[in-house]
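Below are the chains, spelled out letter by letter.
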Amino acid sequence: YLTGTKRMVDFYTTTSGIKTNRGTIEWNGTNLLYSNFCDSRLKEDFKPITNHNEILDKLNPVNFKMIGSDKRKDGFIADEVYNIYHESASGIPLETDDNGLPVFMWLDTTLLVPMLTKCIKEQKAEILDLKINNLRLQKEIMIIKQHLGI
């Protein structure tokens, strides 16, 4: 399949007999897309994100190799993120099954994007304020130097 978008899997929930599509896995000819529905008609009670800086300060991005691979990559450790932003992690840290085998954790880093976006927007606003203040101070210094004849 080389052109267009092919929907491969749909995820549904049913509430009061109403079936609602909540996500998809699609192939667009180039990339495999994992999508959660973000349509405003599926949401209610919108509130601003308020604990974003606290979460950002606790996140610990690392560079690592998967066991058995020489390839390095950047990412997070699900066990750590579970304790910081558990909504994005599935499983329980160090969990094992009845046979003592590991039940590995999974992490959906896309759930971190809204919180990180909020942090970036605040930082951009702060940088702009600092630049404006810096320009104001430079002008004041220039006026003082002119007044002093420097």
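Residues numbered from 1 in each chain as written. Predicted model: local features only at pLDDT ≥ 70, side-chain atom pairs only at ≥ 80, totals over all residues. Heavy atoms only, no water.

### Side note on the layout of surface pockets
1) Next: In this structure, the largest pocket encloses a volume near 680 Å³.
2) Next: As for the largest pocket, its lining consists of 20 residues, and the residues nearest its centre are M66, A78, D79, F104 and M105.
3) Next: Sorting the residues of the lining of the largest pocket by element identifies strand 4 (62–65), strand 5 (72–75), helix 2 (78–84) and strand 7 (106–107) as the ones contributing at least two each.
4) Next: Tallied by class, residues from the lining of the largest pocket come to 14 nonpolar, one polar and five charged.
5) Next: Considering only enclosed or pocket space, the second largest pocket measures out at about 280 Å³ in volume. (1 Å grid on protein atoms, 1.4 Å probe; cavity = no way out; pocket = protein on both sides within 12 Å on 5 of 7 lines; lining within 4 Å. Points joined across faces, edges and corners; volume = space filled by probe spheres on them. Helix = DSSP H or I, 4+ residues; strand = E, 2+ residues; numbered from the N terminus. Nonpolar A, V, L, I, M, F, W, Y, C, P; charged D, E, K, R; others polar.)

### Side note on the nonpolar core
1) Next: Counting residues in each nonpolar core, the largest one holds seven residues, listed as I55, L59, V81, Y85, L112, M115 and C119.
2) Next: If we ignore the near neighbours within four places in the chain, the residues touching I55 are I84, Y85 and M115. (Core = buried A, V, L, I, M, F, W, Y, C linked by side-chain atoms within 4.5 Å. Buried < 20%, exposed > 50% of the residue type's maximum accessible area, 1.4 Å probe, protein only. Contact = heavy atoms within 4.5 Å.)

### Side note on the side chain of N21
1) Next: Topologically, N21 is positioned in strand 2 (residues 18–27).
2) Next: Relative accessible area serves as the criterion here: at 14%, N21 is assigned to the buried category.
3) Next: Polar contacts involving the side chain of N21 include one to the side chain of D10, which spans 3.0 Å.
4) Next: Engagement of the side chain of N21 in a polar contact is seen with the backbone nitrogen of G23, the distance being 3.0 Å.
5) Next: Ignoring any residue separated from it by four or fewer positions in sequence, one finds N21 in contact with R7, D10, F11, Y12, F37 and L42. (Polar contact = N/O pair within 3.5 Å; in protein donor to acceptor, adjacent residues only side chain to side chain.)

### Some thoughts on the confidence of the model for the chain
1) Next: Looking at the chain as a whole, its pLDDT mean stands at 90, while 97% of the residues score no less than 70.
2) Next: Here strand 3 (residues 32–36) is the element of the chain with the lowest mean pLDDT, 79, and helix 3 (residues 113–148) is the one with the highest, 96. (pLDDT = per-residue confidence, 0-100.)

### Looking at the pairing of strand 2
1) Next: Note that strand 1 (residues 6–15) and strand 2 share nine bridges and pair antiparallel. The residue bridging K6 from the neighbouring strand is W27, located in strand 2.
2) Next: Counted along the chain from strand 1 to the antiparallel partner strand 2, the turn is two residues long, and its residue S16 has a positive phi close to 50 degrees.
3) Next: The pairing of strand 2 with strand 3 spans five bridges and is antiparallel. Bridged to G23 within strand 3 is N36.
4) Next: Linkage of strand 2 to strand 3, two consecutive antiparallel strands, is achieved through a turn of four residues, within which G29 is found at a positive phi near 95 degrees. (Pairing = 2+ DSSP bridges.)

### Concerning a nonpolar patch on the surface
1) Next: A cluster of nonpolar side chains, contributed by M8, V9, F11, L32 and Y34, occupies part of the molecular surface with about 510 Å² of accessible area.
2) Next: Put simply, the parts of the chain that give the nonpolar patch at least two residues each are strand 1 and strand 3.
3) Next: The element that contributes the greatest number of residues to the nonpolar patch is strand 1, accounting for three residues.
4) Next: For F11, the position within the fold is in strand 1. (Patch = residues over 30% accessible without salt bridge, like charges linked within 9 Å, V, L, I, M, F, W, Y side chains within 5 Å. Areas by Shrake-Rupley, 256 points an atom, 1.4 Å probe, with all protein chains shown as cover. Salt bridge = Lys/Arg side-chain N within 4 Å of Asp/Glu carboxyl O.)

### Some points on the packing of aromatic side chains
Centre-to-centre distance and the angle between the planes together describe a pair of aromatic rings.
1) Next: For the structure shown, the criterion picks out zero aromatic pairs.
2) Next: A cation sits over an aromatic face here: K19 above Y12, 4.3 Å from the ring centre. (Phe/Tyr/Trp six-rings, centres within 6.5 Å; stacked < 30°, edge-to-face > 60°. Lys NZ or Arg CZ within 6 Å of the ring centre and 35° of its normal.)

### Focus on the sheet that holds strand 1
1) Next: Overall, antiparallel pairing links the three strands, which are arranged 1-2-3 in an open sheet. Each edge of the open sheet is held by one strand with a lone partner, namely strand 1 and strand 3. Mean inter-strand twist for the sheet, computed between neighbouring axes without regard to direction, equals 25 degrees. (Axes fitted to C-alpha atoms, helices over the stretch in contact; angles between N-to-C directions.)

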